[in-house]
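Reading the structure
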Amino acid sequence: MALPTTIKFGKFFVRLSDGAETPTFAAPCGFTSKSFNRTKTFGETNLPDCDNPDLAPWSVRDTQSRSGSITGEGVLAKSAVPAWEAAFASEDSIECEVEFEYPDGDSDIYTGAFHLESFEITGTRGERVTASISMQSDGPITYERTTGA
C-alpha cells in the first residue's frame, strides 16, 4: 500500500508582506488553527433538449467570479499585533502568501492581495487571550508549485 505524502500543521504557512517594493513575507506568531479557502460563484442557465422539449432541461453553470479567504485563530502573540493592526488600519489590501511545504522539499505557494476583514480579540477568565482573523482576497490569487533540491 502506498501512503499519500502529507504535511503537518507547522508546514502550513500564512505570511504577510512587509509592504516593500520587493516584499518580504513573515508569518505572524500565534495561530493554532488556519484555513485557506477559494470559491467560485456561478450564473446558471437551463438548456432545453431541442429534440424533446418535454424533458427536464440540464442546468449549465458559467463562472461569474472567484474569491479567496484566509482565516486563523490562536493565542494573541505580542509580536504579531503590530502586523495585524497595520493590515486592519490600511485602506489597501496587503500581499499575502500561503505555502504548503512537503517533506520532500516541494511546495504549493499561493500569493495574492487580501484585505483584513476582521481582527477579533477574545479573553476568557483563567485562559490565554486569543485572536481570530479573517481576510478576503482583492484580485487574483496565483499558484506555483516549487520542487525541492
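Presented here is a report on the structure given in the accompanying data block. Quantities reported herein were computed from a predicted structural model and do not represent experimental measurements.

The rules behind these values
Residues numbered from 1 in each chain as written. Predicted model: local features only at pLDDT ≥ 70, side-chain atom pairs only at ≥ 80, totals over all residues. Heavy atoms only, no water. Helix = DSSP H or I, 4+ residues; strand = E, 2+ residues; numbered from the N terminus. Rg over C-alpha atoms; globule rule 2.2 N^0.38 Å. Contact = heavy atoms within 4.5 Å. Areas by Shrake-Rupley, 256 points an atom, 1.4 Å probe, with all protein chains shown as cover. Lys, Arg positive; Asp, Glu negative; His and termini not counted. Charge placed at Lys NZ, Arg CZ, Asp CG, Glu CD. Pairing = 2+ DSSP bridges. Axes fitted to C-alpha atoms, helices over the stretch in contact; angles between N-to-C directions. Phe/Tyr/Trp six-rings, centres within 6.5 Å; stacked < 30°, edge-to-face > 60°. Lys NZ or Arg CZ within 6 Å of the ring centre and 35° of its normal.

**Overview of the overall build of the protein**
- Counting secondary structure elements, the protein contains one helix and seven strands.
- N-terminal to C-terminal, the α/β element order of the protein is β-β-β-β-α-β-β-β.
- The C-alpha radius of gyration computed for the protein amounts to 20 Å, which surpasses the reference 15 Å derived for 149 residues by more than 25%, pointing to a less compact arrangement than a globule.
- The principal-axis extents of the C-alpha atoms in the protein amount to approximately 65 × 45 × 40 Å.
- Within the protein, contacts between residues at least 6 apart in sequence are counted, and of these 60% link residues at least 24 apart.
- When the accessible surface of the protein is split by element, carbon and sulfur atoms take 50% of a total near 10300 Å².
- Averaging the locations of the 12 positively and 23 negatively charged side chains of the protein gives two centres separated by 11 Å.

**Regarding the sheet that holds strand β4 (residues 58-75)**
- Strand order in this open sheet of seven strands is β2-β1-β5-β6-β7-β4-β3, and the pairing throughout is antiparallel. Among the strands making up the open sheet, the edge pair consists of β2 (25-26) and β3 (31-47).
- Judged from the seven bridges that link them, β4 and strand β7 (residues 130-146) form a sheet pairing that is antiparallel. Looking at the pairing, Ser-69 lines up with Gln-136 of β7.
- Across the sheet, helix α1 (residues 81-89) lies against β1 (12-17), β3, β5 (94-101), β6 (107-122) and β7, angled at about 90 degrees from β6, the strand it touches most.

**Some words on the packing of aromatic side chains**
- Within this structure, the stated rule accounts for six aromatic pairs.
- For the pair Phe-12 and Phe-100, a centre-to-centre distance of 4.8 Å together with 35 degrees between the ring planes defines the contact as tilted. Pair noted here: Phe-12 is in strand β1 and Phe-100 is in strand β5, with a separation of 88 residues, a long-range link.
- Through pairs of rings, three or more aromatic residues link up here, namely Phe-12, Phe-36, Phe-100, Tyr-110 and Tyr-143.
- Over the ring of Phe-13 we find Arg-15; its NZ or CZ atom is 4.2 Å from the centre of that ring.

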